[in-house]
Amino acid sequence: MHLRQWQSECVNRALEHFSAKHKHFLCLATPGAGKTIMASEVAAKLLEQDLIDFVLCFSPSINISQGIKHTFSTRLECRFDGIIGAVGCSYTYQSMLSFKEDFWQLLKQNRVLVIFDEIHHCSGSSLEDANAWGEEILLNIQSQAEYTLALTGTPWRSDQAPIALSRYTDPDNQIQCDYIYGLREAVADGVCRSPKIVLIDNERISVTDEENETKTFNCLDALFKGSLVSYQSIIKNDIAIRHALTLATNKLDDIRLYNPNAAGLVVASSIEHAAYILNMLRNEYAQTAEIVTYREDQPSFKINEFRNSTKNWIVSVGMISEGTDIPRLQVCCHLSRVKTELYFRQVLGRILRVSKATNQDAWLYTFAAPKLVEFANRIAEEIPDVPVIFRESETVTVSVKQGESEIIRASSPSQDSHKVMLSTPHITEPKQPFVVTSNNQNLYWPTSPSFEILGGFREKVVSTFNSPF
């Protein structure tokens with residue numbers, strides 16, 4: 001298997017790290033750089049040197065887990081399905097919670113390399129601040145594994161909790177990575193595409209409040225600061241959606257002149273939102289399109305089917321984010337209600353994987369909400385200036401939002417209330433009917449005050465690293 005330069009360097013660094021009697025290795029590599037292939041090479045070398053007996057891999061979703069299984073079985077030339085005779089197996093983090101003591105005996109009785117993909121899903125420097133998956137790592141893996149290899153493209157958490165198995169500097173609590181391969185380096189090496197981020201704004205938005213007073217705003221930043229209109233109202237506005245889709249479908253049509261197999265991704269905010277966008281893509285824009293949500297019986301099957309198809313678009317609600325490998329994706333509409341930097345970068349990562357196609361453009365379209373503008377302007381920074389919080393022992397409850405977890409302190413103790421499940425949440429959808437009453441009104445979830453988009457749209461393109469594309 002031919003390795004990229006960074007992959008060879010990281011493999012050698014990890015082997016040196018382990019030979020120096022250090023058990024835990026953390027690799028930060030930008031999304032789309034090829035972390036799984038690198039990890040399979042580390043496993044192969046350790047097996048060849050007779051330093052380990054088995055390999056266990058954990059990842060956030062079934063789709064990613066299946067991809068890891070395929071990569072490792074190919075590189076190791078052996079079954080990787082956990083059945084007798086296999087050299088290892090690939091599991092989801094969720095599956096950790098169902099393992100009994102006899103499974104964890106594997107690590108106590110054998111030399112096992114444990115690999116964690118997107119380790120930032122697992123939090124905890126101790127049992128007091130661990131989520132459910134982090135707790136399993138602390139109890140059953142941290143001390144028992146022969147070695148651990150943790151991988152991430154975004155080494156921080158929205159709740160600012162420490163990542164499991166990670167080291168932090170004192171006193172500023174900055175994460176310490178054993179190897180870093182950033183987006184700037186990946187673009188320069190031709191490993192990742194250089195993204196262009198298009199920030200959509202509007203020059204005239206009229207807002208009428210409950211007292212029938214009207215104000216006009218000349219940009220989204222002023223709108224959000226000077227009124228009660230929310231970002232969620234904008235991404236569900238018919239005119240706004242139509243403008244974003246027009247830009248994105250036109251760009252994909254241009255790319256498909258050179259890459260007939262190129263595709264686009266729309267990240268929607270809810271089932272209803274996704275269904276509306278799907279209908280618009282098919283009927284108004286004459287695009288072939290598919291939808292995948294957490295309500296599907298076999299979402300991973302639909303994702304795999306799309307990966308190998310020639311359809312133009314896939315509309316997703318929380319199902320195609322980090323780790324999902326679809327290299328033909330080159331255009332993305334970020335219309336999610338989630339505005340964390342972690343999620344923004346993970347969505348952007350879906351269009352960064354280089355393919356063998358002639359055109360390697362990568363375009364992301366989103367609205368110019370202040371936070372998203374900030375994220376776009378500093379996308380070259382791998383670790384934002386967000387302090388990690390090492391919490392004292394406390395009891396918390398969990399309010400799950402789509403794509404992230406919001407930690408809320410509780411007043412009453414509960415034995416398991418500190419555990420956070422970072423699997424795809426099942427969001428309770430609104431009961432209002434999905435109806436568009438006019439082009440200038442919100443699709444659903446009526447808001448007060450009402451607003452109208454009256455002005456022309458304008459776009460600012462944030463082109464990273466002076467891309468030649």
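Residues numbered from 1 in each chain as written. Predicted model: local features only at pLDDT ≥ 70, side-chain atom pairs only at ≥ 80, totals over all residues. Heavy atoms only, no water.

Asker: I'd like a description of the pairing of strand 11 (residues 214–217), backed by residues and values.
Answerer: Alignment of strand 10 (residues 205–208) against strand 11, held across 4 bridges, turns out to be antiparallel. In the sheet register, I205 faces strand 11, and the bridge partner there is F217. Turn length for the strand 10-strand 11 hairpin, with the two strands adjacent in sequence and antiparallel, is 5 residues, and the turn residue N212 shows positive phi of about 70 degrees. (Pairing = 2+ DSSP bridges. Helix = DSSP H or I, 4+ residues; strand = E, 2+ residues; numbered from the N terminus.)

Asker: Hey, could you go over the packing of helix 3 (residues 62–76) against helix 11 (residues 299–307) for me, with residue numbers and the actual values?
Answerer: Two numbers describe how helix 3 lies on helix 11: the axes approach to 9 Å, and their chain directions differ by 60 degrees. It follows that helix 3 is oblique to helix 11 by the angle criterion. Regarding helix 3 and helix 11, the two cross each other, and that crossing is right-handed. Of the residues in helix 11, those touching helix 3 at I62, N63 and Q66 are S300, I303, N304 and R307. Taken together, the residues of the contact of helix 3 with helix 11 sort by class into 2 nonpolar, 4 polar and 1 charged. (Axes fitted to C-alpha atoms, helices over the stretch in contact; angles between N-to-C directions. Parallel < 35°, antiparallel > 145°, perpendicular 65-115°, else oblique. Left-handed = near helix turned anticlockwise from the far one by under 90°. Contact = heavy atoms within 4.5 Å. Nonpolar A, V, L, I, M, F, W, Y, C, P; charged D, E, K, R; others polar.)

Asker: Can you break down the pattern of salt bridges residue by residue, with the values?
Answerer: Applying the stated criterion to the full structure yields 20 salt bridges. For D221, the salt bridge is made with K225, and the minimal N-O distance between the two is 3.5 Å. Here K225 and D221 lie together in helix 7 (residues 220–226), a separation of 4 residues that amounts to about one turn. A relative accessible area of 27% means that D221 is categorised as partly exposed. In this structure, the salt-bridge partner of R378 is E374, at a minimum N-O distance of 2.6 Å. Among the charged side chains, a network of salt bridges with common partners joins E341, R345, K371, E374 and R378. (Salt bridge = Lys/Arg side-chain N within 4 Å of Asp/Glu carboxyl O. Buried < 20%, exposed > 50% of the residue type's maximum accessible area, 1.4 Å probe, protein only.)

Asker: Quick rundown of helix 11? Include the residues and the values.
Answerer: Taken residue by residue, helix 11 has P299, S300, K302, I303 and F306 as its buried positions. On an axial view of helix 11, the arc spanned by its buried residues comes to 160 degrees, and they lie on one face. (Arc of directions from axis to C-beta.)

Asker: An account of the packing of helix 1 (residues 5–19) against helix 2 (residues 35–48) is needed here, citing residue identities and associated values.
Answerer: Two elements in contact, helix 1 and helix 2, have axes whose closest approach is 9 Å; the angle formed by their N-to-C orientations is 40 degrees. In this view, helix 1 runs oblique relative to helix 2, as classed from their interaxial angle. Two packed elements cross with a definite hand, and for helix 1 against helix 2 that hand is right-handed. Listed contacts from helix 2 to W6, Q7, C10, V11, A14, L15 and F18 of helix 1 are K35, I37, M38, E41, V42, K45 and L46.

Asker: How would you sum up the packing of aromatic side chains? Please name residues and give values.
Answerer: For the structure shown, the criterion picks out 16 aromatic pairs. Among the aromatic side chains, those forming a connected cluster through ring pairs are F58, Y91, F99, F103, W104 and F116. Stacked on the ring of F306, the Lys or Arg R328 has its end atom at 4.3 Å from the ring centre. (Phe/Tyr/Trp six-rings, centres within 6.5 Å; stacked < 30°, edge-to-face > 60°. Lys NZ or Arg CZ within 6 Å of the ring centre and 35° of its normal.)

Asker: Can you break down the pairing of strand 12 (residues 263–267) residue by residue, with the values?
Answerer: Most of strand 12 sits out of view: 5 of its 5 residues are buried. Covered by surrounding structure in strand 12 are A263, L265 and V267 together with G264 and V266, the residues of both alternating faces. As paired strands, strand 12 and strand 15 (residues 329–334) are joined by 5 bridges and run parallel to one another. Looking at the pairing, V266 lines up with C333 of strand 15. Where strand 12 and strand 14 (residues 313–316) come together, 4 bridges link them in parallel fashion.

Asker: Before we move on, could you go through the environment of W6 and cite the residues and values that matter?
Answerer: Of note, W6 is situated in helix 1. Judged by its relative accessible area of 2%, W6 is buried. Separated by 27 residues in the primary sequence, W6 and A33 have C-alpha atoms spaced 8.9 Å apart. Excluding anything up to four places from it in sequence, W6 contacts C27, A29, A33, G34, K35, M38, Y179, Y181 and V191.

Asker: An account of helix 2 is requested, with residue identities and associated values reported.
Answerer: Since there are 3.6 residues in each turn of an α-helix, residues three or four apart along the chain are aligned in direction. Compared with the 20 Å implied by 1.5 Å per residue over 14 residues, the 20 Å span of helix 2 between its first and last C-alpha is a close match. Three or more residues of helix 2 are buried, namely K35, M38, A39, S40, E41, V42, A43, A44 and L46. As for helix 2, its buried residues are in contact with helix 1, strand 1 (24–29), strand 2 (54–59), helix 3, strand 4 (112–116) and strand 5 (147–152). Positive backbone phi, at 55 degrees, marks D50, one or two positions downstream of helix 2. (Expected span 1.5 Å × (residues − 1).)

Asker: An account of the side chain of D178 is requested, with residue identities and associated values reported.
Answerer: As for its placement among the helices and strands, D178 is situated in the loop between strand 7 (175–176) and strand 8 (179–181). For D178, a relative accessible area of 13% puts it in the buried group. Side-chain polar atoms of D178 contact the side chain of R167, separated by 2.8 Å. Aside from chain neighbours lying at most four places away, what touches D178 is R13, H17, H24, F25, L26 and R167. (Polar contact = N/O pair within 3.5 Å; in protein donor to acceptor, adjacent residues only side chain to side chain.)

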